[in-house]
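# Coordinates in review
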Amino acid sequence: RWPMKEFFPNSSLMEGGLKQVYFKRAIIHGFGPWNQEQIDFSDGFVCLYGKNESGKSSLQQFLLFMLFGLPPKQRDFYRSKTSGQMGGRLILADAQYGDITIERFDGIHQGQATCYLSDGSTYDENWLIERLNGFTKEIYESIFSFSANDLQMIRTMDARDLGEILLGIGLT
């Protein structure tokens, strides 16, 4: 439905002990240009592409916001101009806990996450951090994100350097 050009794999968050956790769905109440939208990740590999300013980077930042939070000044940048609420929900499929719904809104609990399990249990930001087991924003970005600048750098690499990068990607 959305013409975009970055991808968010529906693959396992494998670092830090998260072996079988997958994105299922994002429910965005307001984040940058995204308002009252749902994005389904359950069909496998998801490729989003599009023109500049179509919301690709904002969607990536929404996923980071849901998993790791954002400082208040960074949240201000993504505050929607048309929605009263900044935030939403990210639903994960987890082999150990079943579905985990991470809910995070800017004006509630100072932007801290609340996590809901399919059995009705509710947990706070500390539980999420513990569940992430050392999986940080930096690790996430190094595995699942790349920018236009990163793609441009590939053109200047020799075959050996590119081979080492591809081997490294394959090992993660």
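Our subject in this report is the structure included herewith. (Residues numbered from 1 in each chain as written. Predicted model: local features only at pLDDT ≥ 70, side-chain atom pairs only at ≥ 80, totals over all residues. Heavy atoms only, no water.)

Let us look at the overall build of the chain. The number of helices and strands found in the chain is six helices and eight strands. Here the chain holds 172 residues, and the buried ones make up 41% of them. Taking the intrachain contacts of the chain between residues at least 6 apart in sequence as the baseline, contacts between residues at least 24 apart amount to 57%. When the accessible surface of the chain is split by element, carbon and sulfur atoms take 52% of a total near 10,100 Å². (Helix = DSSP H or I, 4+ residues; strand = E, 2+ residues; numbered from the N terminus. Buried < 20%, exposed > 50% of the residue type's maximum accessible area, 1.4 Å probe, protein only. Contact = heavy atoms within 4.5 Å. Areas by Shrake-Rupley, 256 points an atom, 1.4 Å probe, with all protein chains shown as cover.)

This part covers the pattern of salt bridges. If you walk through the whole model with that rule in mind, you get seven salt bridges. As a salt-bridge pair, aspartate 94 and arginine 131 come within 2.5 Å of each other at their nearest N and O atoms. On the criterion of sequence distance, the pair formed by aspartate 94 in strand E5 (residues 87–94) and arginine 131 in helix H3 (residues 125–132) is long-range, its members being 37 residues apart. Arginine 131 sits in the buried class, given a relative accessible area of 18%. A single network of salt bridges, built from pairs that share partners, joins Arg75, Asp76, Arg79 and Asp106. (Salt bridge = Lys/Arg side-chain N within 4 Å of Asp/Glu carboxyl O.)

Right, let's talk about unusual backbone geometry for a bit. Of note in this structure, glutamine 110 is not a glycine but carries a positive phi near 55°. Considering the arrangement of structural elements, one finds glutamine 110 in the loop between strand E6 (98–105) and strand E7 (114–117). Phi is positive for asparagine 133, close to 50°, though the residue is something other than glycine. Examined against the element boundaries, asparagine 133 turns out to sit in the loop between H3 and helix H4 (137–144). The exposure class of asparagine 133 is partly exposed, given its relative accessible area of 46%.

All right, on to the nonpolar core then. One finds Phe23, Phe31, Leu90, Ile102 and Tyr140 to be the most contacted residues of the largest nonpolar core, which totals 34 residues. The element best represented in this core is helix H1 (residues 56–68), accounting for eight residues. Ignoring any residue separated from it by four or fewer positions in sequence, one finds leucine 90 in contact with Phe23, Arg25, Ala26, Leu63, Met66, Leu67, Ile100, Thr101 and Ile102. (Core = buried A, V, L, I, M, F, W, Y, C linked by side-chain atoms within 4.5 Å.)

As far as function goes, none of this settles anything; it's purely spatial.
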